[in-house]
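A look at the structure
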Amino acid sequence: MTEVFTGSFTQQLPIPEDAIEAAVEVMRSGRLHRYNLAPGETGAVGALEQAFAAKTGAQYCLAVASGGQAMAICLRAAGVEPGDAVLSNAFTLAPVPGAIAAVGARPVFVETTEALTIDLDDLAAKVGQARVLLLSHMRGHICDMDRLMAICESAGVTVIEDCAHTMGAAWRGTPSGRHGLAGCYSTQTYKHMNSGEGGLIVSDSAEFMARATLLSGSYMLFDRHPGGPPPQVYADLTGEMPNMSARMDHLRAAILLPQLARLDDDCAAWTDRYRVLEAGLADAPGVVLIPRPAEEAFVGSSFQFRLADWPAHAIRAYLERCAARGVELKWFGDSAPHGFTSTYAHWRFAVPPSLPQTDQVLAGLIDMRLPLTFDLEDCALIARILRSETEIRSAQPETAA
Ligand SMILES: *Cc1c(COP(=O)(O)O)cnc(C)c1O
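Residues numbered from 1 in each chain as written. Predicted model: local features only at pLDDT ≥ 70, side-chain atom pairs only at ≥ 80, totals over all residues. Heavy atoms only, no water.

Turning our eyes to something else, we now look at the site of the ligand. In the neighbourhood of the ligand, 17 residues make up the surrounding shell, with Gly67, Gly68, His165, Ser186 and Lys191 lying closest. Within the backbone of Gly67, an N or O atom sits 2.8 Å from an oxygen atom of the ligand. Within the contact set of the ligand, an oxygen atom lies 2.9 Å away from a side-chain nitrogen or oxygen of Gln188. For the ligand, the accessible surface in isolation is 380 Å², of which the surrounding protein chains cover 92%. Mapped onto the shell around the ligand, the elements with two or more residues apiece are helix H3 (67-77) and helix H4 (95-102). Sort the elements by how many residues they give to the shell around the ligand and H3 lands first, with three residues. When its residues are assigned to classes, the shell around the ligand shows six nonpolar, nine polar and two charged. (Near = heavy atom within 4 Å. Polar contact = N/O pair within 3.5 Å; in protein donor to acceptor, adjacent residues only side chain to side chain. Areas by Shrake-Rupley, 256 points an atom, 1.4 Å probe, with all protein chains shown as cover. Helix = DSSP H or I, 4+ residues; strand = E, 2+ residues; numbered from the N terminus. Nonpolar A, V, L, I, M, F, W, Y, C, P; charged D, E, K, R; others polar.)

In structure tokens, the structure reads:
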């Protein structure tokens, strides 16, 4: 019998009932704007900022409108100016070079390893070309953060982490987002907490966070940031920073607070699902699994593997066979961008150089979402389908496209 999977790869869990109730309460109050507070009220945004700072062990937290806005605000608050170079991963998603472009800077892409992380040898070679690294933990894969920080610190390069896929993850016990000057997170629907759109910034630097708060559009109301630096820090900065109007509102924050309380459980559930897929694909013919170092506490909210030496036509046929059995895969090696799958060569605004190692890794890279609406049995079924289709291919003689 040919097994077929019928679940949806884009179906997230519903918003929890207590979060819905909190959102309804905000709507009943009519006070949705973050600075619209009754006397003595902290408000959901301020409460979220305090709770997320505590969760990550950061001194300060600022909630914003999206992960992309979080990154652009951080770059500007870190002193990046139009025309500056910013180091970043060649393997990432479009909002990362987009944030660099949004501040008028230009990305300097760094090569990708077979572990899907930034290539630290290539970083060491290029580190002198910029003063800031926007490090993307793409698809939740964390590089050797000790070596990365040593490279950047010795070159005087400021590190800003893009933790869109590593909220809740850690490297040797340090939460992702806490290694450099700042960490950026997304609360967009397909990330680890879901408010539709949204973003969070954490940092220990008072002056940096004051700049970020002004950039987010604080209308001089920085005394209404219980998770931010004290008002006197703003004294010399106020006229300097433009208002980018990227605030979070109480409705989204109200939805996020109960999700933050569940984050650890959700992250563990994702990783349980990831491990089922990993075990199910172990030793599958032609499949290369992505190594996961012991120092990395990752969140398995998506799953990647490489069809390392497969020709493009064989990969395309494999994706079609899997799709016919209900398993929706993305391919980073595709020649044109489809949906969220984009590679640096498609970002024509960034004038990318040639990156042969990244090209080789992406050529066979397959990606799959793992929403929490899938249970462990669903994941085992998906793994059986993926595996049996690789076996079909290896049993066939090679034919031209
Ligand atoms: C989703 C994502 C972001 C930011 O996303 P927003 O949609 O702007 O919240 C940043 N980096 C990566 C790698 C992402 O996948």
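Still to come is the rest of the account.
Taken in spatial order, the seven strands of this open sheet run S1-S9-S8-S5-S4-S2-S3, and their pairing is mixed. Edge positions in the open sheet fall to strand S1 (60-64) and strand S3 (106-110), since each of these has one partner strand only. The sheet shows a mean angle of 20° between the axes of neighbouring strands, taken without regard to direction. As paired elements, strand S2 (residues 85-89) and S3 share five bridges and run parallel to each other. Among the inter-strand pairings, Ala85 is bridged to a residue of S3, identified as Arg106. Against the sheet, H3 makes contact with S1, S2, strand S4 (132-136), strand S5 (158-162), strand S8 (182-186) and strand S9 (199-203), and its axis sits at roughly 160° relative to S8, the strand it touches most. Of the strands in this sheet, S2, S3, S4 and S5 are in contact with H4, which crosses S3 at around 145°. (Pairing = 2+ DSSP bridges. Axes fitted to C-alpha atoms, helices over the stretch in contact; angles between N-to-C directions. Contact = heavy atoms within 4.5 Å.)

Another point: unusual backbone geometry. A negative phi angle characterises most non-glycine residues, just as the trans form characterises most peptide bonds. Phi is positive for Ser245, which is not a glycine, with a value near 40°. Note that Ser245 resides in the loop between helix H7 (206-217) and helix H8 (250-281). You can call Ser245 partly exposed: its relative accessible area is 41%. A positive phi angle is found at Asp283, which is not glycine, with a value near 65°. Assignment of secondary structure puts Asp283 in the loop between H8 and strand S10 (288-289). On the basis of relative accessibility, which here comes to 72%, the residue Asp283 falls in the exposed class. (Buried < 20%, exposed > 50% of the residue type's maximum accessible area, 1.4 Å probe, protein only.)

Further remarks concern the pattern of salt bridges. Taken as a whole and assessed by the stated rule, the structure comprises 21 salt bridges. For the salt bridge of Arg139 with Asp367, the shortest nitrogen-to-oxygen distance reads 2.8 Å. Taken together, the residues Arg139 in the loop between S4 and helix H6 (145-155) and Asp367 in strand S14 (residues 365-369) connect sequence positions 228 residues apart. The pair formed by Arg139 and Asp367 is uniform in burial state, with each residue classed as buried. Across the salt bridge formed by Glu207 and Arg211, the nearest N and O atoms sit 2.5 Å from each other. Taken as a pair, Glu207 and Arg211 lie in helix H7 at a separation of four residues, close to a single helical turn. Given the relative accessible area of 41%, Glu207 is considered partly exposed. A single network of salt bridges, built from pairs that share partners, joins Glu3, Glu377 and Arg384. (Salt bridge = Lys/Arg side-chain N within 4 Å of Asp/Glu carboxyl O.)

Turning our attention to the packing of aromatic side chains. Going through the model one piece at a time under the given rule, you end up with ten aromatic pairs. Look at Phe5 and Phe374: their rings are 4.9 Å apart centre to centre, the planes differ by 80°, and that puts the pair in the edge-to-face class. One end of the pair, Phe5, is in the segment before helix H1 (17-29); the other, Phe374, is in the loop between S14 and helix H11 (376-395), and 369 residues separate them in sequence. You can call Phe5 buried: its relative accessible area is 5%. Summarising the aromatic geometry, the rings of Tyr274 and Phe303 are spaced 5.0 Å apart at their centres and angled 65° between planes, so their arrangement reads as edge-to-face. Of this pair, Tyr274 sits in helix H8 while Phe303 is found in strand S12 (residues 302-306), placing the two residues 29 residues apart along the sequence. Grouping residues by exposure puts Tyr274 and Phe303 together as buried. Across from the ring centre of Phe298, 3.8 Å away, lies the NZ or CZ of Arg292, which sits over that ring. Cation over ring: Arg369 sits above Tyr190, and NZ or CZ is 4.2 Å from the ring centre. (Phe/Tyr/Trp six-rings, centres within 6.5 Å; stacked < 30°, edge-to-face > 60°. Lys NZ or Arg CZ within 6 Å of the ring centre and 35° of its normal.)

Right, let's talk about the pairing of S12 for a bit. Here S12 lies mainly inside the structure; five of its five residues are buried. In this sheet, S12 lies alongside S10 in antiparallel orientation, the contact comprising two bridges. Its bridge partner being in S12, Val288 is matched across the sheet by Arg306. Here S12 pairs with S14 via five bridges, running antiparallel. By the bridge assignment, Phe303 is partnered in S14 with Met368.

Turning our attention to the sheet that holds strand S11 (residues 296-297). Reading across from one edge, S7-S6-S11 is the order of the three strands in this open sheet, with antiparallel pairing throughout. Both outer strands of the open sheet, strand S7 (174-175) and S11, are each paired with one neighbouring strand and no more. Inspection of the sheet shows strand S6 (residues 170-171) paired to S11 by two bridges, in the antiparallel sense. Following the sheet pairing, Ala170 is matched in S11 by Ala297.

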